[in-house]
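# Observations on chain architecture
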Amino acid sequence: MSGGPRLQAPRGTFDVLPGDSPARLSLFNLCQGRLGGAGLQYTETPIFEDTELFARGVGEATDIVQKEMFTLEDRAGRSLTLRPEGTAGVCRAYVEHGMHKLPQPVRLWYWGPFFRHEAPQAGRYRQFNQIGAEALGSDDPSVDAELILLLAELLAEAGVRELRLRLSSLGTAEARRDYADELRAHLLAREDELSPEVRARIEANPLRAFDSAHAGTRAVLADAPRLLDRLTPEDAEHFAEVRALLDEAGLDYEVDPSLVRGLDYYTRTVFEFTSDALGAQSGVGGGGRYDGLVEQLGGPPTAGVGWAAGVERILLAAGGEPRRQAPPAVFVAWEDSRRTAFDLTRRLRQDGLTVQMEQAGRSLKGQLKHADRLRARFAAVVDDDGLELRDLRTGEARPVKTAADIVDAVRSP
Ligand code: ATP
Ligand code: MG
């Protein structure tokens, strides 16, 4: 019987299938180990927030706010948005919970789903997952360098291939505004050589021209003034110190003065990791400093720096064989003794063993075959007359009396 047409997951979403989960979980554990080990604390913020948070935080003129947000109304007519990125929410939480009173910097990491209304393609989804790290309350260049290094090590350890890091500095918001005026004048003077998209954004966001692949636009930009040459002495010094710390750590990077990121809140350091193994969607992770953001969201003046990396892109760029679930130590086989088998399974688990029991009504022979398929080390065969433990590697079988005997045998095979 069928209950109507078959349903499918919405466009641009995906299911994490059992075969995908070992690699994902091991990435999560790697994050917990590395980021937690560096003293970052795990945090979660809501998946939807007031739309205003992103409009104010990410910036009205950005692609994210103009084109990519999933926005809905609640029953009271309040505008909510499925979070397209994590930094704004973390900064809101920092302000809302008075985290500026904690010892600074407050260093956090997170993992969870994000939403952008984009054209789906390989490595680009409408619901995807990000790993993020943020440090609030310090403008020390060592925080920038530390977070960049942590991401580099994480990506390398996750097995991301052909990894490249580009780095730049955007200076302060004022330096950037002055520079935007200068760049705007440069673009306007040669407007007819630019792509229509770039031309349409000269007023609102001239820096986005650097993202264009259009040949005419690139020619105009080749002799445009560079923001890196317009930094204040303090910002230039800050950037030099970040670079010196990364040099000392032996991290390879390229200074790319054309690096602009799609979020308006960045100041000073910006960076992006790409993997040539990914093709068109090459961005694996990126971030930067956002010294004005907390204040913009109603908090005290607070420095901040952070990054976000795409879980699915990391897994894609790591390639590799699909990993299998760790095998159980014991498979509990039974034909007529469900309750005894159930009880034994529970006891063995209480003693810390990984155990699965038969639940599909197979014959005993079929069950042993299934235990092999699971790569179980032992099978405990239960029937009303007793208990037998089979070593599935040697084929040796021997009678045992209690769950404790099985635990002993498994622990010292
Ligand atoms: P892109 O240039 O690919 O659009 P972005 O600059 O919009 O990336 P960020 O906002 O910096 O990306 O997000 C950080 C990371 O999140 C990206 O480097 C990427 O790995 C991942 N990411 C961003 N958008 C998507 C998406 N739609 N689907 C899957 N992963 C994504
Ligand atoms: Mg994008």
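This text follows the structure it describes.
In this report, we go over the structure that sits alongside the text. Keep in mind that what you see is a predicted model, and the values were worked out from it rather than measured.

## Overview of the side chain of E358
Mapped onto the secondary structure, E358 falls in the loop between strand 13 (355–357) and helix 13 (364–373). E358 gets classed as buried once you look at its relative accessible area, which sits at 2%. Among the polar contacts listed, one links the side chain of E358 to the backbone nitrogen of A360, at a separation of 3.0 Å. Non-local contacts of E358, meaning those with residues more than four positions away in its chain, are made with F331, V332, W334 and Q367.

## With respect to the pairing of strand 16 (residues 397–400)
Sheet analysis places strand 15 (residues 386–391) next to strand 16, joined by four bridges and oriented antiparallel. Bridge pairing in strand 16 places L389 opposite R398. From the end of strand 15 to the start of strand 16, which pair antiparallel, there are five residues, and G395 there has a positive phi angle of about 85°.

## Considerations on the packing of aromatic side chains
Under the criterion given, the structure shown has nine aromatic pairs. An angle of 50° between the planes, with centres 6.2 Å apart, marks the rings of Y110 and F114 as tilted. This pair shows no difference in class: Y110 is buried, exactly as F114 is. The lysine or arginine in question, R83, covers the ring of F114, its NZ or CZ lying 4.1 Å from the ring centre. Directly above the ring of F239 sits R243, whose terminal nitrogen or CZ lies 4.7 Å from the centroid.

## Remarks on the state of the cysteines
Inspection of every chain in the model, using the stated rule, returns zero disulfides. Unpaired in this structure, C31 has its nearest cysteine sulfur neighbour in C91, at a distance of 20 Å. When its relative accessible area of 0% is taken as the criterion, C31 is described as buried.

## Quick word on the environment of E96
Here E96 lies in helix 4 (residues 87–96). Among the residues examined, E96 registers a relative accessible area of 54% and is labelled exposed. Separated by 202 residues in the primary sequence, E96 and G298 have C-alpha atoms spaced 9.3 Å apart.

## Digging into a negative patch on the surface
Together, E335, D336, D383, D384 and D385 make up a negatively charged patch on the protein surface. Its place among the elements puts D385 in the loop between strand 14 (378–383) and strand 15.

## Concerning the pattern of salt bridges
Scanning all chains against the criterion turns up 29 salt bridges. Between R124 and E118 there is a salt bridge whose closest N-O contact spans 3.1 Å. Owing to a relative accessible area of 14%, E118 belongs among the buried residues under this scheme. A salt bridge links R390 to E388; the shortest N-O distance between them is 2.9 Å. What you see here is one network of salt bridges that share partners, running through E49, R92 and E96.

## Some words on the sheet that holds strand 2 (residues 48–50)
Two pairing modes exist for strands in a sheet, parallel and antiparallel, and in both the strands are linked by backbone hydrogen bonds. A sheet is described by the order of its strands in space; here three strands give the open sequence 2-4-3, paired in antiparallel fashion. Two strands bound the open sheet, and with one partner strand each, they are strand 2 and strand 3 (70–73). Across the sheet, the mean angle from the axis of one strand to that of its neighbour is 35°, orientation sign disregarded. Of the strand pairs in this sheet, strand 2 and strand 4 (residues 79–82) are connected by three bridges, and their pairing is antiparallel. Bridge pairing in strand 4 links F48 to L82.

## So, helix 9 (residues 233–248)
Because each turn of an α-helix spans 3.6 residues, side chains separated by three or four positions in sequence point in the same direction. Its 16 residues place the ends of helix 9 22 Å apart at the C-alpha level, agreeing with the 22 Å of an ideal helix rising 1.5 Å per residue. Looking at the packing, one finds that the buried side of helix 9 touches helix 5 (141–157), strand 7 (163–169), strand 8 (254–255), strand 9 (267–275) and strand 10 (283–289). Once helix 9 ends, the next one or two residues include G250, with phi positive near 75°.

## Re the nonpolar core
Of all hydrophobic cores here, the largest spans 44 residues; its most connected members are L183 and L187. Of all the secondary structure elements, the ones that give two or more residues to this core are helix 2 (51–57), helix 3 (63–68), helix 4, strand 5 (106–115), strand 6 (127–136), helix 6 (173–189), helix 8 (215–222) and helix 10 (293–296). In terms of residue count, helix 4 provides more of this core than any other element does, five residues in total. The residues contacting L187, other than those within four sequence positions of it, are L194, I202, P206, A209, V220 and L221. One finds V143, L154, L165 and F239 within the second-largest nonpolar core, a separate group that totals 38 residues.

What counts, and at which threshold
- Residues numbered from 1 in each chain as written.
- Chains lettered and ligands numbered in written order.
- Predicted model: local features only at pLDDT ≥ 70, side-chain atom pairs only at ≥ 80, totals over all residues.
- Heavy atoms only, no water.
- Helix = DSSP H or I, 4+ residues; strand = E, 2+ residues; numbered from the N terminus.
- Buried < 20%, exposed > 50% of the residue type's maximum accessible area, 1.4 Å probe, protein only.
- Polar contact = N/O pair within 3.5 Å; in protein donor to acceptor, adjacent residues only side chain to side chain.
- Contact = heavy atoms within 4.5 Å.
- Pairing = 2+ DSSP bridges.
- Phe/Tyr/Trp six-rings, centres within 6.5 Å; stacked < 30°, edge-to-face > 60°.
- Lys NZ or Arg CZ within 6 Å of the ring centre and 35° of its normal.
- Disulfide = S-S within 2.5 Å.
- Patch = residues over 30% accessible without salt bridge, like charges linked within 9 Å, V, L, I, M, F, W, Y side chains within 5 Å.
- Areas by Shrake-Rupley, 256 points an atom, 1.4 Å probe, with all protein chains shown as cover.
- Salt bridge = Lys/Arg side-chain N within 4 Å of Asp/Glu carboxyl O.
- Lys, Arg positive; Asp, Glu negative; His and termini not counted.
- Charge placed at Lys NZ, Arg CZ, Asp CG, Glu CD.
- Axes fitted to C-alpha atoms, helices over the stretch in contact; angles between N-to-C directions.
- Expected span 1.5 Å × (residues − 1).
- Core = buried A, V, L, I, M, F, W, Y, C linked by side-chain atoms within 4.5 Å.

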